[in-house]
Amino acid sequence: MYGKGLRPLAIVTCVVLTGAFALAFFYAPMDADQGLMQKIFYVHVPMAIVSLLGFVLGAVFAIQHLRTGDRRHDLRSYVAIHLSLILGVGVLVTGSIWARAAWGHWFVWDEPTLVSFLIVFLLYCCYQPLRFAIEDPDRQARYASVFAITAGAFVPLNFLAVRLAQQYAHPRVLGSSDALPPKMRLAFLVSLLGMALLYTTLYRFEMTAKNTRLRVHSLKRRLGGDVVLGRSAAPR
Amino acid sequence: MSAVKALLRKELRLELRTFEAIPAMTLFSIITFVVFHFALQQDTVEGSLASGVLWVTLLFASMLGTNRLFVADTEDGAMDGLLLAPIDRTALYVAKAIAFLTFLTALEIVAVPAFYLLLLGPAAGDAIPGLLAILALANLGIAAAGTLVAGLATQTRSRDLLVPLLGLPLLLPVIIAASKATAPLFAAGGAEALPGRWLAVLGLYDLVFGLLALAVFDFLLED
């Protein structure tokens, strides 16, 4: 009842992601400087973009929650931020591997995007501790929404400040996507689509699981049984 | 407006009678300068190191103040009275932010001269007007974001832990801009020109977080 269309979505995601990696490895040309290592670009950059968009999505749902008072929007905001955090770990790990291969260090402070992402990630890491620390579910939802909106506004501001701080950053190994050769660009765009689909699939999965669990709880309660809710920061 | 004035008067009177936040913040800042002296093993600092030491100290001292901002209200039940009063909730935020701004100014009146006396190198240039402008803009940002963080964390079980965890990343743009702007003022060969770009970033931060906090603060008090 909740998981409608989830299976086709998952299959499409698998196909597109596999296709994207195939394109990246067999279709896109080898980078002249970095060789095979540059292929991590097709995972790292789409993941970072999707993860940041997920944070923004969380803020949008949070605004809707505060405007309408509908707790379902809070659940959506929670799931969006939660998944973005998981992708964020992936971004930092792949980013470090790439930085190590390209520049010889696991972390470089003069790469503004990487530094901004770390700061944003550290801020969002507080989202769940904040939820955990509030007992009352209504208040928890409201406070989490306020946090999500504040942090959402913080993301562009932080990127601006960090980018300005590194005016002498070394030349970007890979510029923005429009500077890419057409073959690389196609592979990149397909990877981006695949990553976005992956995010959507995971999002739908978690929403389905959460909704089903809520439904089971309410049915159990109606049967008169005792429901033991796990200690979780997730909205109920 | 009169509500803001009354609330502000209450905040300042409370601080004057208890002396809780300001002495702790100023003492903390002086102790931190001493700690920096030993940790860096330098008698004097200048340039970007000086500006970093100053801003790290001010940031951590302001975190102490943020922690205390709502404590008296929630612990002694004044918050219930304030929520029952027929005033705009935003007035509460504005009054708290102005009170926090006053605390920060009081902190800096002690901490900045102490920094000049204790750590700043004699060769380092100093440009008081530029520094005052940076301090004023940074204070606005710290007060705007800090009051919001205090409001977020105050109703939680682990308030003292959450305030720095939320506040430090949120205030990083202020620190980046303020320390970048202050560094040329403390340059070893006399003060250099004040970079206006960083003042603009500080102003933008103040504006965005001020408006944002005004928009969302209501929702923290809806009980």
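Residues numbered from 1 in each chain as written. Chains lettered and ligands numbered in written order. Predicted model: local features only at pLDDT ≥ 70, side-chain atom pairs only at ≥ 80, totals over all residues.

A. The arrangement of the overall build of chain A in detail. The secondary structure content of chain A amounts to seven helices and zero strands. Helices and strands in chain A line up, N terminus first, as α-α-α-α-α-α-α. Out of the 236 residues belonging to chain A, those deemed buried represent 36%. (Helix = DSSP H or I, 4+ residues; strand = E, 2+ residues; numbered from the N terminus. Buried ≥ 20, exposed ≤ 12 C-beta atoms within 10 Å, placed from the backbone.)

B. Structural context of the overall build of chain B. If you tally the helices and strands in chain B, you get nine helices and zero strands. Relative to the compact-globule value of 17 Å for 223 residues, chain B shows a C-alpha radius of gyration of 18 Å, a close match. Projected onto its principal axes, the C-alpha coordinates of chain B cover approximately 60 × 35 × 30 Å. In chain B, which comprises 223 residues, the share counted as buried stands at 44%. Excluding contacts between residues fewer than 6 apart, the proportion of contacts in chain B whose partners are at least 24 apart in sequence is 86%. (Rg over C-alpha atoms; globule rule 2.2 N^0.38 Å. Contact = placed C-beta atoms within 7 Å.)

C. Local environment of the nonpolar core. Among the nonpolar cores identified, the biggest contains 127 residues, and A:Phe147, A:Ala187, B:Val149, B:Leu152, B:Ala177 and B:Leu202 are the most heavily contacted of them. With near-sequence residues (within four places) excluded, B:Ala177 lies in contact with A:Ala161, B:Trp198, B:Val201 and B:Leu202. (Core = buried A, V, L, I, M, F, W, Y, C linked by C-beta atoms within 7 Å.)

D. Fine view of helix 7 (residues 128–153) of chain B. In this model helix 7 of chain B runs 35 Å from its N-terminal to its C-terminal C-alpha over 26 residues, within 8% of the 38 Å that 1.5 Å per residue would give. With 19 of 26 residues buried, helix 7 of chain B is to be regarded as a mostly interior element. (Expected span 1.5 Å × (residues − 1).)

E. Region of interest: the packing of helix 4 (residues 112–124) of chain A against helix 6 (residues 137–165) of chain A. Residues and elements named next belong to chain A. Packing of helix 4 against helix 6 brings their axes to within 9 Å, and their N-to-C directions diverge by 150 degrees. The orientation of helix 4 relative to helix 6 falls into the category roughly antiparallel. Viewed along their axes, helix 4 and helix 6 form a crossing whose handedness is right-handed. Contact residues: helix 4 offers Pro112, Val115, Ser116, Ile119, Val120, Leu123 and Tyr124, while helix 6 offers Ala151, Phe154, Val155, Asn158, Phe159, Val162 and Arg163. When grouped by side-chain class, the residues that make up the contact of helix 4 with helix 6 number eleven nonpolar, two polar and one charged. (Axes fitted to C-alpha atoms, helices over the stretch in contact; angles between N-to-C directions. Parallel < 35°, antiparallel > 145°, perpendicular 65-115°, else oblique. Left-handed = near helix turned anticlockwise from the far one by under 90°. Nonpolar A, V, L, I, M, F, W, Y, C, P; charged D, E, K, R; others polar.)

F. Focus on the environment of B:Gly203. Here B:Gly203 is to be found in helix 9 (residues 196–220). Residues B:Gly203 and B:Lys96 lie 107 residues apart in sequence; the distance between their C-alpha atoms is 20 Å.

G. Looking closely at the environment of B:Leu148. Tracing the chain through its elements places B:Leu148 in helix 7. Along the primary structure B:Leu148 and B:Leu214 are separated by 66 residues, whereas in three dimensions their C-alpha atoms are 9.0 Å apart. Not counting residues within four places of it along the chain, the set of residues in contact with B:Leu148 comprises A:Thr150, B:Ala213 and B:Phe217.

H. Examining unusual backbone geometry more closely. Of note in this structure, B:Phe19 is not a glycine but carries a positive phi near 50 degrees. Relative to the assigned elements, B:Phe19 resides in the loop between helix 1 (2–18) and helix 2 (21–40).

I. Structural detail: the interface of chain A and chain B. If you look at the interface, chain A gives 25 residues, while chain B gives 25 residues. Only helix 4, helix 5 (127–132) and helix 6 of chain A provide two or more residues apiece to the side of chain A that touches chain B. Within the side of chain A that touches chain B, the residues separate by chemical class into 20 nonpolar, three polar and two charged.

J. The arrangement of the confidence of the model for chain A in detail. All names here are of chain A. Confidence in the prediction for chain A averages 84 pLDDT; 88% of positions are at 70 or higher. Per-element averaging of pLDDT across chain A places helix 6 at the bottom with 87 and helix 2 (residues 41–68) at the top with 92. Within the model, the stretch residues 168–178 combines pLDDT values under 50 with eight contacts to residues more than four positions away or in other chains. (pLDDT = per-residue confidence, 0-100.)

K. A look at the confidence of the model for chain B. Overall, the prediction assigns chain B a mean pLDDT of 89, with 100% of residues at 70 or greater. The ipTM value of the predicted complex is 0.85, and its pTM value is 0.85.

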